[in-house]
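# Summary of the model geometry
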Amino acid sequence: MARNIEIKARMDDRAQVLARLSPLATSGPTDIAQDDTFFRCASGRLKLRDFGDGTGELIHYHRADEAGPKTSSYVRSPTAQPDTLRQALTLAHGQIGRVQKQRTLYLIGRTRVHLDQVLDLGDFVELEVVLRDDEAPESGVEEAERIMAALGIAATSLVQGAYLDLLS
């Protein structure tokens, strides 16, 4: 199962974050529309991500609902039919919510940096430090903390849980 170290924080000043991010980025920006539908799930979280272009991916993940750097273990499965997959999963499991966002993706080495504009929630920044299979989470936490400092992300702006939880 793939793993990464994640943080999510409210972003009060997108321009300031961009000014710090641009010189560090090794790739980006890439704009991505995302419409995430969450389904009832006995263990972890299950969501279908629709990219709005006829493609999507089903994602199952486990992650602690706490502020600060945390490990997320996940499986992603691409789909060319997100609409019918959403319908089947809704009938089988039931929907528990939906999150729509416009994501701008940058990379700083192996770390994915997301600048998210989330409908009805506002602006956020996420970091995902992708871990190697044999890598201890501590090295990813250290990298996340270094990037947080470089981007000016204060510990007080960190949020816990998923965007879905913030909408509830």
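Calculation rules
- Residues numbered from 1 in each chain as written.
- Predicted model: local features only at pLDDT ≥ 70, side-chain atom pairs only at ≥ 80, totals over all residues.
- Heavy atoms only, no water.
- Pairing = 2+ DSSP bridges.
- Helix = DSSP H or I, 4+ residues; strand = E, 2+ residues; numbered from the N terminus.
- Axes fitted to C-alpha atoms, helices over the stretch in contact; angles between N-to-C directions.
- Polar contact = N/O pair within 3.5 Å; in protein donor to acceptor, adjacent residues only side chain to side chain.
- Contact = heavy atoms within 4.5 Å.
- Salt bridge = Lys/Arg side-chain N within 4 Å of Asp/Glu carboxyl O.
- Buried < 20%, exposed > 50% of the residue type's maximum accessible area, 1.4 Å probe, protein only.
- Core = buried A, V, L, I, M, F, W, Y, C linked by side-chain atoms within 4.5 Å.
- Phe/Tyr/Trp six-rings, centres within 6.5 Å; stacked < 30°, edge-to-face > 60°.
- Lys NZ or Arg CZ within 6 Å of the ring centre and 35° of its normal.

A few words on the sheet that holds strand S5 (residues 70-79). With antiparallel pairing, the eight strands of this closed barrel are ordered in space as S1-S5-S4-S3-S2-S6-S7-S8. Here the strands of the sheet are splayed against their neighbours by 35 degrees on average, with no regard to which way each runs. Taken together, the five bridges between strand S2 (residues 27-39) and strand S3 (residues 45-50) define a ladder with antiparallel strand orientation. Its bridge partner lying in S3, Asp36 is registered against Arg49.

With that settled, consider the side chain of Ser72. When you line up the elements, Ser72 lands in strand S5. Engagement of the side chain of Ser72 in a polar contact is seen with the side chain of Glu6, the distance being 3.3 Å. Ignoring sequence-local partners within four residues, the contact set of Ser72 consists of Ala2, Arg3, Asn4, Glu6, Tyr61, His62 and Arg63.

For the rest of this paragraph, the subject is the pairing of S2. Of the pairings in the sheet, the one linking S2 to strand S6 (residues 95-108) comprises 11 bridges and is antiparallel in character. Directly across from Ile32, in S6, lies its bridge partner Arg103. Hairpin remark: S2 followed by S3, antiparallel, with five residues in the connecting loop; positive phi at Gly44, about 75 degrees.

Attention shifts here to the pattern of salt bridges. Per the stated rule, a full pass over the model turns up 18 salt bridges. A salt bridge links Arg45 to Asp165, with the shortest nitrogen-to-oxygen separation between them at 2.6 Å. With Arg45 in strand S3 and Asp165 in helix H4 (residues 163-167), the pair connects residues that are 120 residues apart, well separated along the chain. With relative accessibility at 16%, the residue Arg45 sits in the buried group. Close ionic contact of Arg86 with Asp83 constitutes a salt bridge, the shortest N to O distance being 3.3 Å.

With an omega of 10 degrees, the peptide bond running from Gly28 to Pro29 counts as cis. Note that Pro29 resides in strand S2. A positive phi angle, close to 70 degrees, is found at Asp120, a residue other than glycine. Here Asp120 shows up in the loop between strand S7 (111-118) and strand S8 (122-130). Residue classification places Asp120 among the exposed positions, given a relative accessible area of 70%.

This part takes up the nonpolar core. Counting 16 residues, the largest nonpolar core has Val113, Leu115 and Ile153 as the members making the most contacts within it. Put simply, the parts of the chain that give this core at least two residues each are strand S1 (2-10), helix H1 (14-21), S6, S7, S8 and helix H3 (137-151). It is H3 that contributes the most residues to this core, three residues altogether. What Val113 contacts, discounting residues up to four positions off in sequence, is Leu21, Thr104, Leu105, Tyr106, Ile108, Val125, Glu126, Leu127 and Leu151. Core analysis: the second largest hydrophobic core is formed by 12 residues, Phe38, Ile59, Phe124 and Ala162 among them.

As enumerated under the stated definition, the model contains one aromatic pair in all. Residue placement shows Lys8 over the ring face of Tyr163; its charged tip is 3.9 Å from the ring centre.

All we've got here are geometric facts, nothing functional implied.
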